[in-house]
Amino acid sequence: MAEEKTAICFIDHQKHMVIDGRYLKDLEPATRNLIKSDYPSAKVTDFICDHDLLKYQLMRVDGMVRSDVKQTRKINRRLTRAMQSDDYEIVDVNENLEKTLTFGQRVSDAVARFGGSWGFIGVFTFVLVAWMFVNGAGIFGIKFDPFPFILLNLALSCIAAIQAPIIMMSQNRAADRDRMNSENDYHVNLKSEHELRILHAKLDNLTQNQLPHTLEIQKLEIEILGQIRNELDQLHRNQATFSGDNQSDEKEMKTGQKTTPKE
Ligand SMILES: [Zn+2]
């Protein structure tokens, strides 16, 4: 049988087979640093047995999980704070404006709405035509405003003079509503962007820290499983040699028993 290579573990100073441990230079830098923090004099050429290595591998897993949880909590706290921050309350512009309307403003809105409709044009045309027809033809014997309808001109001028400022009032209010709307939009956008940034940070943390950590933890798990398998193999080998010894002992005992009567 070929001589299996052995090495001395630098922690417990016992002889181990090389497959039952690792050289420090073959370890992950993070795990190696953990060992070096406990044993500053350890060199990269030193050997550590699986039994002692397990402690540091578990410490490494623990450290990664802890740092991930800490980072996630930190980002979640930031996100919660950003979502709860009420430095600007998003308002329903229409509802808010409706509440502060004065009677005059309501009237101006109604007048502007009616003045800018086909209904107004229809009614006005009818009134104009009727006025001109009645005064021009003198149907009922009344001619209060004969041709060229000077009173009608005056009435039209008055209506135009009043209607213009009323429509302007209503337009001012429309401009107010637009301004409030855009202000509202600006704040909503600002808040959304802030939240988006934090979500971005969360995603970055997930892909750049947690995912590599998860993969590293899986790798460590596989290594630990391999070590367990090695130890099981060792156990089986020991058992085989032990039972082999027993059988040969029994054989010797039997042959001894057989040989004794012959003597
Ligand atoms: Zn050891």
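Residues numbered from 1 in each chain as written. Predicted model: local features only at pLDDT ≥ 70, side-chain atom pairs only at ≥ 80, totals over all residues. Heavy atoms only, no water.

### What to know about the pattern of salt bridges
Right, on to step 1. In the structure shown here, the tally under the stated rule is 8 salt bridges.
Right, on to step 2. With a shortest N-O distance of 2.4 Å, Lys219 and Glu28 are connected by a salt bridge. You can see Lys219 sitting in helix 6 (residues 150–262) and its partner Glu28 sitting in the loop between strand 3 (21–23) and helix 1 (29–38), a full 191 residues away along the chain.
Right, on to step 3. Overall, the relative accessible area of 26% leaves Glu28 in the partly exposed class.
Right, on to step 4. For Asp109, the salt bridge goes to Arg173, with nearest N and O atoms at 2.4 Å. Remark: Arg173 occurs in helix 6 and Asp109 occurs in helix 4 (residues 103–115); sequence separation between them is 64 residues. Considered together, Asp109 and Arg173 belong to a single accessibility category, that of buried residues. (Salt bridge = Lys/Arg side-chain N within 4 Å of Asp/Glu carboxyl O. Helix = DSSP H or I, 4+ residues; strand = E, 2+ residues; numbered from the N terminus. Buried < 20%, exposed > 50% of the residue type's maximum accessible area, 1.4 Å probe, protein only.)

### Points about the coordination of the zinc ion
Right, on to step 1. Summarising the metal site, the zinc ion is bound by the protein donors Cys9 (SG), Asp12 (OD), Cys49 (SG) and Asp52 (OD), whose distances to it range over 1.8 to 2.4 Å.
Right, on to step 2. Here the zinc ion is ringed by 4 donor atoms whose angles at the metal span 96 to 124 degrees, and the overall shape comes out tetrahedral.
Right, on to step 3. Each donor residue of the zinc ion lies on one chain, and together they are spaced C-x2-D-x36-C-x2-D. In this pair, Cys9 sits in the loop between strand 1 (6–8) and strand 2 (15–17) while Asp52 sits in helix 2 (residues 50–84), placing the two residues 43 residues apart along the sequence. In this pair, the class of Cys9 matches that of Asp52, namely buried. (Donors = N, O, S within 2.8 Å, 3.2 Å for Na, K, Ca; no water. Tetrahedral: all angles 85-135°; square planar, octahedral: opposite > 155°, others 65-115°.)

### Notes on the side chain of Ser108
Right, on to step 1. Structurally, Ser108 can be placed in helix 4.
Right, on to step 2. The class for Ser108 is buried, based on a relative accessible area of 3%.
Right, on to step 3. Looking at Ser108, its side chain comes within polar contact range of the main-chain oxygen of Gln105, at 2.8 Å.
Right, on to step 4. With sequence-adjacent residues up to four places away left out, Ser108 is seen in contact with Ile166, Met169 and Ser170. (Polar contact = N/O pair within 3.5 Å; in protein donor to acceptor, adjacent residues only side chain to side chain. Contact = heavy atoms within 4.5 Å.)

### Description of the confidence of the model for the protein
Right, on to step 1. For the protein, the average pLDDT comes to 87, and 93% of its residues sit at 70 or higher.
Right, on to step 2. Of all the helices and strands in the protein, helix 3 (residues 93–99) carries the lowest mean pLDDT, 83, while strand 4 (residues 47–49) carries the highest, 93. (pLDDT = per-residue confidence, 0-100.)

### Describing the UniProt feature "transmembrane region" (unreviewed entry) in the protein
Right, on to step 1. Sites flagged by UniProt as "transmembrane region" (unreviewed entry) map to residues 118–142 and 148–170.
Right, on to step 2. The straight-line gap between the two end C-alpha atoms of residues 118–142 is 30 Å; of that span, 80% is helix and 0% is strand.
Right, on to step 3. Annotated as residues 148–170, this span is 91% helix and 0% strand, and its ends, taken at the C-alpha atoms, are 34 Å apart. (UniProt positions renumbered as here; feature names shortened; annotations may be inferred.)

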